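Observations on the model geometry
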Amino acid sequence: MINQQHLWDDDAARNYDTPGEGMFSPEVLDPTVEVLSQLAGDGPALEFAIGTGRVAIPLSAAGVRVSGIELSHAMISRLREKVGESRIPVVQGDMSEALAGENFSLAFLVFNTISNLLTQDEQVRCFQNAARHLAPDGRFVVELWVPQLRSLPPGHGGTVEVSRPGYLLVDTYDVLRQHVISHHVQFGADLSDGRAARIGRTPHRYIWPSELDLMARLAGFELESRWADWDRSEFTAESRSHVSVYRLSER
């Protein structure tokens, strides 16, 4: 299995940001920041796996005091090119165990990142770690995709998720361990040799919404809301992702 610490290296950090496009586009970021700002209220917020600051920087600009936890030194270095430690402090470490303070009103984990933890035990510890950071009645928000096993043809171990000029995304499944490896293939004129291709792989452990809810309950949370997206649209059986808001129960 791919080592997560090696995955998010200097090359990944340099190429992670796509300003104004994809997950950095205003139509994705604006509603994300709006919801998180409302949930944080007047209190501080903590982002698990803060990365290069895609969400944390605009959330800070909206007036929320933001801190972070991040495993990758390279990603933190890229963040530091944009903002200083005094504005967005970050603790380097594993989001399932690193400590960054307490009495946060909000902790959040976006863009499927909880699935970067590759065992159920690690994912449970992530919820427990979120609870340690939160004030009473604090919230933990998780954005996560819904496993698309219905699209997996019988007898086949993979699906083509994206096919467009210059890019192909293929997901391969290990359904016994609930593991997915996403194979990102870039090819064509953007590479120096038109015959060449660049392949990157990212591993995940997929989680059903009901399993995620049980993890939350084990850590002392209750499900408060679940939407299909940051626009608070209804979550249905056809939804391909969800934004789940958990509130810390009375201790």
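Residues numbered from 1 in each chain as written. Predicted model: local features only at pLDDT ≥ 70, side-chain atom pairs only at ≥ 80, totals over all residues. Heavy atoms only, no water.

1. Thoughts on the overall build of the chain
Per the secondary structure count, the chain includes seven helices and eleven strands. Taken over the C-alpha trace, the chain has a radius of gyration of 18 Å; the compact-globule value for 251 residues is 18 Å, and the two agree within 12%. Its C-alpha atoms put the chain at 55 × 40 × 30 Å along the principal axes. Counting every position in the chain, which comprises 251 residues, the buried fraction comes to 50%. Within the chain, counting contacts between residues at least 6 apart in sequence, those at least 24 apart form 59% of the total. (Helix = DSSP H or I, 4+ residues; strand = E, 2+ residues; numbered from the N terminus. Rg over C-alpha atoms; globule rule 2.2 N^0.38 Å. Buried < 20%, exposed > 50% of the residue type's maximum accessible area, 1.4 Å probe, protein only. Contact = heavy atoms within 4.5 Å.)

2. Considering the pattern of salt bridges
Throughout the structure, instances matching the rule amount to nine salt bridges. As a salt-bridge pair, E211 and R205 come within 3.0 Å of each other at their nearest N and O atoms. Close ionic contact of R247 with E224 constitutes a salt bridge, the shortest N to O distance being 2.7 Å. Linking R247 in strand β11 (residues 241–248) with E224 in strand β10 (residues 221–227), this pair joins segments that are 23 residues apart in sequence. Classification of R247 as partly exposed rests on a relative accessible area of 25%. (Salt bridge = Lys/Arg side-chain N within 4 Å of Asp/Glu carboxyl O.)

3. Considerations on the packing of aromatic side chains
Tallied over the full model, the rule gives seven aromatic pairs. Look at Y206 and W208: their rings are 6.0 Å apart centre to centre, the planes differ by 80°, and that puts the pair in the edge-to-face class. Using a relative accessible area of 32% as the deciding quantity, one classes W208 as partly exposed. Among the aromatic residues, ring-to-ring pairing joins F48, F127, F140, F221 and Y246 into one connected group. Stacked on the ring of F111, the Lys or Arg R54 has its end atom at 5.2 Å from the ring centre. Its guanidinium or amino end placed over the ring of F235, R226 lies 5.9 Å from that ring's centre, counting from NZ or CZ. (Phe/Tyr/Trp six-rings, centres within 6.5 Å; stacked < 30°, edge-to-face > 60°. Lys NZ or Arg CZ within 6 Å of the ring centre and 35° of its normal.)

4. Regarding the packing of helix α6 (residues 120–133) against helix α7 (residues 209–218)
It is at 8 Å that the axes of α6 and α7 come closest, and there the two elements cross at 55°. Here α7 runs oblique to α6, going by the angle between their axes. Along this stretch, α6 crosses α7, giving a crossing that reads as right-handed. Contacts between α6 and α7 involve Q120, Q123, V124 and F127 from the former and E211, L212, M215, A216 and L218 from the latter. Of the residues in the contact of α6 with α7, the class split is six nonpolar, two polar and one charged. (Axes fitted to C-alpha atoms, helices over the stretch in contact; angles between N-to-C directions. Parallel < 35°, antiparallel > 145°, perpendicular 65-115°, else oblique. Left-handed = near helix turned anticlockwise from the far one by under 90°. Nonpolar A, V, L, I, M, F, W, Y, C, P; charged D, E, K, R; others polar.)

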